[in-house]
Amino acid sequence: MATTPGLYLKWRAFRELVGMPMPEAEIAFRLFGETKLESSAPKFSKLLYGDYGFSLDTATELAEIVNKRLDVSLRARGLPGLAEPLAPSEFTLPLYDFIRRIQSAARIEDGETLDRAQDALLGDLAPGVNPQGTVRLVIEKFAADRSFDGFLPSGGDGPVVFEAGRHKGRIAVQGIDREPAMAYTLLARDTRPIGHRCWELSWAETILWLPSPSRPRLVEGKLLLMPEAAPVQPKPGRFLATTALLWDTDSRRLLDPRGADAEPGALDEEETARFLTNLRRLQRRNAGAVTVSSAEYIVTV
């Protein structure tokens, strides 16, 4: 099998929904069979983040571990055992399909458990909150006759609330005094305000990108990620906006999974998963190369 850059998101969802008492070092040892338990762990991490090839043997062994845990979880709750075991090939399902498969197999209906999984997923898909920093991502609100049509599918007392059809909005960055080489901006939509977890909708309805990379301009002390305010789309929910400001062009090859010469656009699911992994790694290796910030807003209809 090929690498699976989004496996870490699937594994996180599985752990939040079902739990996994087996230590990851032990799981890694079962998958890779190194002579020492500790030497297998890095391979498992590389597998989860798409750096290590996912062979059929590895997928079969991991499916066996997952299926055993699903069966134990079901029986512990007084339910019949696992009826439809997970197949090795299902680790390559799209993220939301995989989560729905796990939820169905485990018969998870508890709202607290589902919310925990939703919160964990949003934490991975919307990184960058830095309340101690001076750089802030801000959501600006305008009346419709004076706001977010530019997104593509793939402070205060609380978040700004927009009403579709009445308001316009704009995303900007405050607290910087120079223009970055480029910016990457995405939205993660929390659909619980409309009665759904994100995996009950499509990826394109919950993860949206401003065509990236963009090259924003500094205007009157604000870095405008959108050249002008645009109408808010009639998609209700809570939105978590994240922007990554890249300060030198050379770092793009370490960040953008499409390559250093890709045209601005929306990243697909696998590219988004790899981008977020690359972003965290770049922050660890060279914190000065990128500035990441997040903000949130709410849309009602």
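Structural data are supplied above this passage.
The following refers to the structure shown. Here the structure is a predicted model, which means the values were calculated and not measured.

This brings us to unusual backbone geometry. P213 follows S212 through a cis peptide bond whose omega is 5 degrees. Within the secondary structure, P213 is located in strand β5 (residues 207-214). Not every positive phi belongs to a glycine, and R107 is a case in point at roughly 55 degrees. In this fold, R107 is placed in the loop between α5 (95-106) and α6 (111-125). Owing to a relative accessible area of 31%, R107 belongs among the partly exposed residues under this scheme. The phi torsion at E220 lies on the positive side, around 50 degrees, for a residue other than glycine. For E220, the position within the fold is in the loop between β6 (217-219) and β7 (222-224).

Turning to the packing of helix α4 (residues 56-76) against α5, a few remarks are in order. One can describe the packing of α4 onto α5 by two numbers: an axis separation of 9 Å at closest approach and a directional angle of 40 degrees. If you check the angle between α4 and α5, you find them oblique. For the pair α4 and α5, contact is made by V66, L70 and L74 and by I102, A105 and A106, respectively. Tallied by class, residues from the contact of α4 with α5 come to six nonpolar, no polar and no charged.

The final tally for this structure, using the stated rule, is 23 salt bridges. Two residues, E64 and R30, come together in a salt bridge whose shortest N-O distance is 3.6 Å. Here R30 lies in helix α2 (residues 24-32) and E64 lies in helix α4, a separation of 34 residues in the sequence. Residue E64 is classed as partly exposed on the basis of its relative accessible area of 47%. The salt bridge partner of R192 is D115, with a shortest N-O separation of 3.4 Å. Overall, R192 belongs to the partly exposed group, its relative accessible area being 23%.

Cut-offs applied
- Per chain, the residues get numbers from 1 upward, laid out in the order the sequence is written.
- Given that this is a predicted model, residues contribute local features only at a pLDDT of at least 70 and side-chain atom pairs are listed and counted only at 80 or more, while totals for whole chains, interfaces and linings are drawn from all residues.
- Side-chain metrics in this entry use all non-hydrogen atoms of the structure; hydrogen atoms and water are not considered.
- Strands are runs of DSSP state E lasting at least 2 residues, helices are runs of H or I lasting at least 4, and numbering of each runs from the N terminus.
- For the exposure calls, accessible area comes from a 1.4 Å probe over protein chains only, and a residue counts as buried if that area is under 20% of its type's maximum, exposed if over 50%, partly exposed in between.
- Fitting a line to C-alpha atoms yields each axis, with helices limited to the stretch in contact; the angle taken between N-to-C directions then spans 0 to 180 degrees.
- Geometric relationships in this document are graded by angle, where less than 35 degrees denotes roughly parallel, more than 145 denotes roughly antiparallel, 65 to 115 denotes roughly perpendicular, and other angles denote oblique.
- Contacts are residue-level and defined by heavy atoms, with any inter-residue pair within 4.5 Å sufficient.
- Under the convention adopted here, Pro, Cys and the residues Ala, Val, Leu, Ile, Met, Phe, Trp and Tyr are nonpolar, Asp, Glu, Lys and Arg are charged, and Gly plus all remaining residues are polar.
- Between Lys or Arg on one side and Asp or Glu on the other, a salt bridge is scored when a side-chain nitrogen of the former is within 4 Å of a carboxyl oxygen of the latter.

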